[in-house]
Amino acid sequence: MFYRPSHIDAADKTQLLQRFWSKDASLWSNDANVQESIMNRLGWLDCLERIKPNLTELIDFADKLRSINIERVIWLGMGGSSLCAQVLVDVFGVQKGYPELCVLDTTDPVVVQRYADELSKKKTFFVVASKSGTTLETRAHLAFFWQKVVDLHGQGNAGDFFAAITDSGTALETFASEHGFSHIFSGESGVGGRYSALSVFGLVAAAIIGIPLKQAVSIAEEVIAQCRVPDWDLNPASRLATFLSEYGVQNKDKLTMFFDAPVRSFGLWLEQLVAESTGKETVGLVPIIGETTGIPGFYGAERMFIYFRMKDTPVEDSLDSFVDELQRADFPVYLMQLQDRMDLFGMFFLWEMAVALTGHFLGINPFDEPNVLSAKQKTSEVLNGYVKKGSFDMEFWVDPTSQFNFRTSEMLAASMKGLSRAMRDTFLALPSWGYLGFLAYLPYDSEVDEIISEMRHFIRQERGFATTFGYGPRYLHSTGQVHKGGPMSSAFIIFTRQKEAEYPSVPGFDASFWHIQFAQAVGDFQALSDVGKRVIHIHLPADYRMGLRSFSKVFLRAARL
């Protein structure tokens, strides 16, 4: 049962923090079996103490890559195994003399092939990161690039260009050992993916691009020490948890976050942490990142805001005046002040602890993700069906006006009279406190970002909805949990595209990356439909930029009606 921090006294709050640091699983469940599962997911509280003696190993690994003149490292991973690495690359860049680090967390055939085409141009190394060792996308990436490296360097030398990060005993660890990977980093079974930033999954990436690990760990330790303070009002994690919980319990569940430019990418990691930890049992916080700012009157009462403010950001480049307007309009706003970019290493733990405490007040278990599995199972069924039949067992409708190929979920079945009608019905059924999610199974593309940003801005101005945007399959390992398990007042538009070419099959999969990506979109469409969500699936032409631009015109007209 959820309750508010303001409803307990100081002594109870101190006791709560003591229970938290003693790893008392009853904070999140009274079920003995669930408590046992939770106990196996609290290793993040002290994982830094265990990894600290091994920092030299990580630094030596990075130095080895430099000594053999590696120019580029491609990080193969999804969700918690890759988002921290992506944030570090975006925020810190690559230090002089260190290799470029590229995170590949998509099954889009164009993006994958782009990396493959460059293998002969840059001396490339691969880090294969998967906690479970069974992640679909990462298995496909490994199979594809292993064969490419074998072709380039020979079977006996291929392992010299690979390292693995995975828990002990996984299939990936076995493969890496049998194929002579240059290094195998062992993860911890007690550290879940979204809580793994300060484990090998984050710190190996930091070492590769030249971030000073000892300084990073020192900063994290300082924050952890502050988070151990038993005084609730002096503890930075419990103060943040109070903000999130007080307003979350009051149905202000749209956690809208803005960032100064240098740390904007941090939102990708926060998005997963918040969505997967809190979005279940039809409750939770919906992380909203990437929205444009607007006047307070365009925001609904379900909003709360957090602003990540860099100390050195000039006032004219900051959002100070916007935040002032929000506060004058009585919106809850939390300011997170960062002295410099290295503060992110403290932010990782601060947010992990705050979100875990928020789970206690919301009455949910923040360490499971019950709805993530459903999309994986649906994808497996769709992909297996394609492999057996040679085709996908589904069909699109053709909109008589726009000629777009589309289909709708069961909640919209009665509206299959046209694309505009389906969208209007979605807009009418979605309450002002709901949100509309744009889910694009397309290449990472600045033009796609721009077009969808325009649609997000317009629908908020016209209808008052909050909006989210995620690329598939990345979002399946991030916000996918809150989409299916969180607040019911949501609707989604999924974008896929026709094949540009006949792509080769991934070794061992009997399907190309295009087919894998499409199966993931279809699988999530079915998973969302099964939990009663309104979903419109748009199948764009091969020229997806032109198709998306054309769709946006149909979308804007429907939004006005």
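Heads up: the structure comes first, above all this text.
(A) Molecular detail of the sheet that holds strand E5 (residues 183–186). Overall, parallel pairing links the five strands, which are arranged E2-E1-E3-E4-E5 in an open sheet. Of all the strands in the sheet, the pair left with one neighbour each is strand E2 (100–104) and E5. With direction set aside, neighbouring strand axes in the sheet form an average angle of 20°. Note that strand E1 (residues 72–76) and E2 share five bridges and pair parallel. Along E2, the bridge assignment pairs Trp-75 with Val-103.

(B) Spatial organisation of the pattern of salt bridges. Tallied over the entire structure, the rule returns 28 salt bridges. Across the pair Asp-46 and Lys-23 runs a salt bridge, and its minimum N-O distance is 2.9 Å. Of this pair, Asp-46 sits in the loop between helix H2 (32–39) and helix H3 (47–51) while Lys-23 sits in the loop between helix H1 (10–21) and H2, and the two are 23 residues apart along the sequence. On the basis of relative accessible area, Asp-46 is assigned to the buried category, the value being 18%. Among the residues examined, Lys-23 registers a relative accessible area of 24% and is labelled partly exposed. Residue Arg-549 pairs with Glu-454 through a salt bridge whose shortest N-O separation is 2.9 Å. In this pair, Arg-549 is assigned in helix H20 (residues 544–560) and Glu-454 in helix H17 (residues 446–463), connecting sequence segments 95 residues apart.

(C) Summary view of H17. For H17, built from 18 residues, the straight-helix expectation of 26 Å at 1.5 Å per residue is met to within 8% by its first-to-last C-alpha distance of 25 Å. Every buried residue belonging to H17 is among Val-448, Ile-451, Ile-452, Met-455, Arg-456, Phe-458, Ile-459 and Arg-460, and all of these are buried. Its side-chain oxygen 2.7 Å from the backbone nitrogen of Glu-447, Asp-445 forms the N-cap of H17. Count one or two residues on from H17 and you reach Gly-464, which has phi positive near 85°.

(D) Representation of the pairing of strand E8 (residues 303–310). Of all the eight residues making up E8, eight are buried; the element is thus mostly covered by neighbouring parts of the structure. Neither face of E8 is left uncovered, since the one carrying Arg-303, Phe-305, Tyr-307 and Arg-309 and the one carrying Met-304, Ile-306, Phe-308 and Met-310 both have all their residues buried. Pairing analysis gives six bridges linking strand E6 (residues 254–259) to E8, with the strands arranged parallel. Across the sheet, Thr-256 pairs through a bridge with Phe-305, a residue of E8. Taken together, E8, helix H13 (residues 320–328) and strand E9 (residues 333–338) constitute a β-α-β crossover, and its handedness is right-handed.

(E) Structural detail: the side chain of Arg-460. Structurally, Arg-460 is set in helix H17. No salt bridge forms around the buried Arg-460; measuring N to O, its nearest opposite-charge neighbour Glu-291 is 4.0 Å away. Leaving out residues up to four positions away in the same chain, Arg-460 has contacts with Glu-291, Thr-292, Thr-293, Gly-294, Phe-298, Tyr-299, Arg-303 and Phe-465.

(F) Spatial organisation of the sheet that holds E9. Sheet architecture is open: four strands sit in the order E7-E6-E8-E9, paired in parallel fashion. Sheet topology places strand E7 (286–288) and E9 at the edges, where each strand pairs with a single neighbour. Averaged over all pairs of adjacent strands, the angle between their axes in this sheet comes to 20°, without regard to strand direction. Bridging between E6 and E7 involves three bridges; their strand directions are parallel. Among the inter-strand pairings, Lys-254 is bridged to a residue of E7, identified as Val-286. Each of E6, E8 and E9 touches helix H14 (residues 344–362); the most contacted strand, E9, lies at about 145° to it.

(G) Structural context of the packing of helix H4 (residues 55–67) against helix H10 (residues 213–227). Put simply, H4 and H10 touch, their axes get as near as 10 Å, and they point 145° apart. Every residue of H10 that contacts H4 at Leu-55, Leu-58 and Ile-59 is listed here: Leu-213, Lys-214 and Val-217. Class assignment for the residues of the contact of H4 with H10 results in five nonpolar, no polar and one charged.

(H) The arrangement of the nonpolar core in detail. Core analysis: the biggest nonpolar cluster contains 140 residues, and Phe-308 and Trp-351 have the highest contact counts within it. With 13 residues, the top contributor of residues to this core is H14. Apart from residues lying up to four places away in sequence, Phe-308 is in contact with Met-257, Phe-258, Phe-259, Asp-260, Val-263, Phe-266, Leu-270, Met-336, Leu-338, Met-347 and Trp-351. Within the second largest apolar cluster, 34 residues are counted, among which are Leu-412, Leu-442, Phe-469 and Phe-495.

(I) Representation of the pairing of strand E12 (residues 435–440). E12 sits mainly inside the fold: six of its six residues count as buried. Neither face of E12 is left uncovered, since the one carrying Tyr-435, Gly-437 and Leu-439 and the one carrying Leu-436, Phe-438 and Ala-440 both have all their residues buried. Sheet analysis places E12 next to strand E13 (residues 466–471), joined by six bridges and oriented parallel. For Phe-438, the partnering residue across the bridge sits in E13 and is Phe-469. Running through H17, the crossover from E12 to the neighbouring parallel element E13 is right-handed. Bridge count between E12 and strand E14 (residues 490–497): six bridges; the pairing is parallel. Pairing of Leu-436 across the sheet is with Ala-491, part of E14.

(J) Main features of the environment of Leu-561. Locating Leu-561 in the fold gives a position in the segment after H20. Separated by 99 residues in the primary sequence, Leu-561 and Glu-462 have C-alpha atoms spaced 9.6 Å apart.

(K) Region of the structure containing the side chain of His-537. Along the chain, His-537 falls in strand E15 (residues 534–540). A polar contact of 2.8 Å, which involves the side chain of His-537, links it to the side chain of Thr-496. Apart from the residues within four sequence positions on either side, His-537 is in contact with Phe-396, Asn-405, Phe-406, Arg-407, Ile-494, Thr-496, Phe-518, Val-522 and Phe-525.

Rules behind the numbers
- Here the residue index of a chain counts from 1 through its sequence in written order.
- Local features in this predicted model are restricted to residues of pLDDT 70 or higher, and side-chain atom pairs are both shown and tallied only at a pLDDT of 80 or more, whereas totals for entire chains, interfaces and linings draw on every residue.
- With hydrogens and water stripped out, all remaining heavy atoms of the structure feed into the side-chain values.
- A pair of strands is treated as paired once DSSP finds two or more bridges between them.
- By definition, any uninterrupted DSSP run of H or I lasting at least four residues is a helix, any uninterrupted run of E lasting at least two residues is a strand, and each is numbered from the N terminus.
- Only C-alpha atoms enter the line fits that serve as axes; for helices the fit covers just the stretch in contact. Angles between N-to-C directions range over 0 to 180 degrees.
- When a carboxyl oxygen of Asp or Glu lies within 4 Å of a side-chain nitrogen of Lys or Arg, that pair is called a salt bridge.
- Any residue under 20% of the maximum accessible area for its type is buried, any over 50% is exposed, and the rest in between are partly exposed; the area is computed with a 1.4 Å probe on protein chains only.
- To estimate how far a helix should reach, multiply one less than its number of residues by 1.5 Å.
- Side-chain atoms alone can form a polar contact between residues adjacent in sequence; in general such a contact is a pair of N or O atoms within 3.5 Å, and within protein one must be able to donate a hydrogen while the other accepts it.
- We call a crossover right-handed when, viewed with both strands directed away from the observer, the connection leading from the first strand over the helix to the second proceeds clockwise.
- Charge counting follows a simple rule: Lys and Arg are positive, Asp and Glu are negative, and His as well as the terminal groups are ignored.
- Contact between two residues is taken to exist if any of their heavy atoms lie within 4.5 Å; hydrogens are not considered.
- When residues are sorted by character, Ala, Val, Leu, Ile, Met, Phe, Trp, Tyr, Cys and Pro go into the nonpolar class, Asp, Glu, Lys and Arg into the charged class, and all the rest, Gly among them, into the polar class.
- Nonpolar core, defined: a set of buried Ala, Val, Leu, Ile, Met, Phe, Trp, Tyr and Cys residues in which side-chain atoms within 4.5 Å join the residues together.

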